[in-house]
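A closer look at the structure
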Amino acid sequence: SNLHTGEKMTVEYFQAGRYLPDALVAVDHLLRDFRTGDVGAIDPRLLDLLHGLGALTGSNRPYQIISGYRSPATNATLHLRSSGVASNSLHMHGQAIDIHLADVPLGTLRDAALSMRAGGVGYYATSNFVHVDCGRVRAW
């Protein structure tokens, strides 16, 4: 569920060995830049990462989404406000998402994401979210 828009979705995005285009369009809309309404293409590998992370943690709750796609304008504004926002953030490429799960402690979610070695993992305990992306393996 998108915490900023209140929208919720359950969707099967992969079936019979292929990604389902209509489902991917729905995901792109859900994960749009909530500040501008801009929609970007979400990399299906990010969805695969989330699917694996949910299975690994044993969660039966939906992801709570803090930030998915970010438009270049939004990202530039956030970058000016915080050194923690990369100027070429993977959020702008639909390859990153900031999340938490109601039934998984944040540290457990971070550790599970790290164990997958599927991309970057950022731990933001004071803001109550974990960043995951399908870029190179790294942690902060």
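See above for the structure.
Now for a quick tour of the structure. (Residues numbered from 1 in each chain as written. Predicted model: local features only at pLDDT ≥ 70, side-chain atom pairs only at ≥ 80, totals over all residues. Heavy atoms only, no water.)

1. What about the pairing of strand 5 (residues 120-124)?
What counts here: Here a strand pair is declared whenever DSSP counts at least two bridges between the two strands. Only DSSP runs of H or I with at least four residues qualify as helices, and only runs of E with at least two residues qualify as strands; both kinds are numbered from the N terminus onward.
Note that strand 5 and strand 7 (residues 138-139) share two bridges and pair parallel. Looking at strand 7, one finds that Val-121 is bridged to Ala-139. Between strand 5 and strand 6 (residues 129-133), which pair antiparallel and follow one another directly, the connecting turn spans four residues, one of which, Asn-128, has a positive phi of 65°.

2. Overview of helix 1 (residues 21-30)
Put simply, the test is: For every residue, the accessible area (1.4 Å probe, protein chains only) is compared with the maximum for its type, and the residue is labelled buried under 20%, exposed over 50%, or partly exposed between those bounds. As used here, the arc belongs to the directions running from the helix axis to the C-beta atoms.
If you check which residues of helix 1 are buried, you get Ala-23, Leu-24, Val-27, Asp-28 and Leu-30. Viewed along the axis of helix 1, the buried residues span an arc of 160°, placing them on a single side of the element. Among the exposed residues of helix 1, those pointing more than 90 degrees away from its buried face are Asp-22 and Val-25.

3. A look at the nonpolar core
Side chains of a nonpolar character, in soluble globular proteins, are inclined to be buried together. How we decide: In this description, a nonpolar core means a group of buried Ala, Val, Leu, Ile, Met, Phe, Trp, Tyr and Cys residues linked to one another through side-chain atoms lying within 4.5 Å. We call two residues in contact whenever any of their non-hydrogen atoms come within 4.5 Å of each other.
The biggest cluster of nonpolar side chains holds 28 residues, and the ones touching the most others in it are Leu-31, Ile-42, Leu-53, Ile-97, Ile-99, Leu-109 and Val-132. Elements represented by at least two residues in this core include exactly helix 1, helix 2 (44-57), strand 3 (63-67), strand 4 (96-101), helix 4 (106-116) and strand 6. Counting residues per element, this core draws most heavily on helix 2, at five residues. Beyond its immediate stretch of four places on either side in the chain, Leu-109 contacts Leu-53, Thr-57, Ile-99, His-100, Leu-101, Val-104 and Val-130.

4. Describing the sheet that holds strand 3
Counted only if it meets this: Orientation is described by lines fitted to C-alpha atoms, with helices fitted over the stretch in contact, and by angles between N-to-C directions that extend from 0 to 180 degrees.
Judged by pairing direction, the sheet is mixed, and its five strands sit side by side in the order 3-4-6-5-7 without closing on themselves. Of all the strands in the sheet, just strand 3 and strand 7 have a single pairing partner and so form its edges. In the packing of helix 4 onto the sheet, contacts are made with strand 4, strand 5, strand 6 and strand 7, and the angle to strand 5 comes to roughly 165°.

5. Some points on the pattern of salt bridges
A side chain of one charge can pair with a side chain of the opposite charge if their charged atoms are brought near each other. Inclusion rule: What makes a salt bridge here is a side-chain nitrogen of Lys or Arg within 4 Å of a carboxyl oxygen of Asp or Glu, nothing more.
Evaluated as defined, the whole model comprises five salt bridges. Linking Arg-45 and Asp-43 is a salt bridge whose minimum nitrogen-to-oxygen distance equals 2.8 Å. Take Arg-45: its relative accessible area is 43%, and that puts it in the partly exposed class. You can call Asp-43 buried: its relative accessible area is 14%. Of the charged contacts in the structure, one is a salt bridge between Asp-98 and Arg-70, with a shortest N-O distance of 3.7 Å. Taken together, the positions of Asp-98 in strand 4 and Arg-70 in the loop between strand 3 and helix 3 (72-81) put the pair 28 residues apart, joining distant regions of the chain.

6. Remarks on the side chain of Ser-71
Looking at where Ser-71 falls in the secondary structure, it is placed in the loop between strand 3 and helix 3. Setting aside residues no more than four positions away along its own chain, Ser-71 makes contact with Asp-33, Thr-36, Asp-38 and Met-92.

Keep in mind that these numbers describe shape and distance, not what the molecule does.
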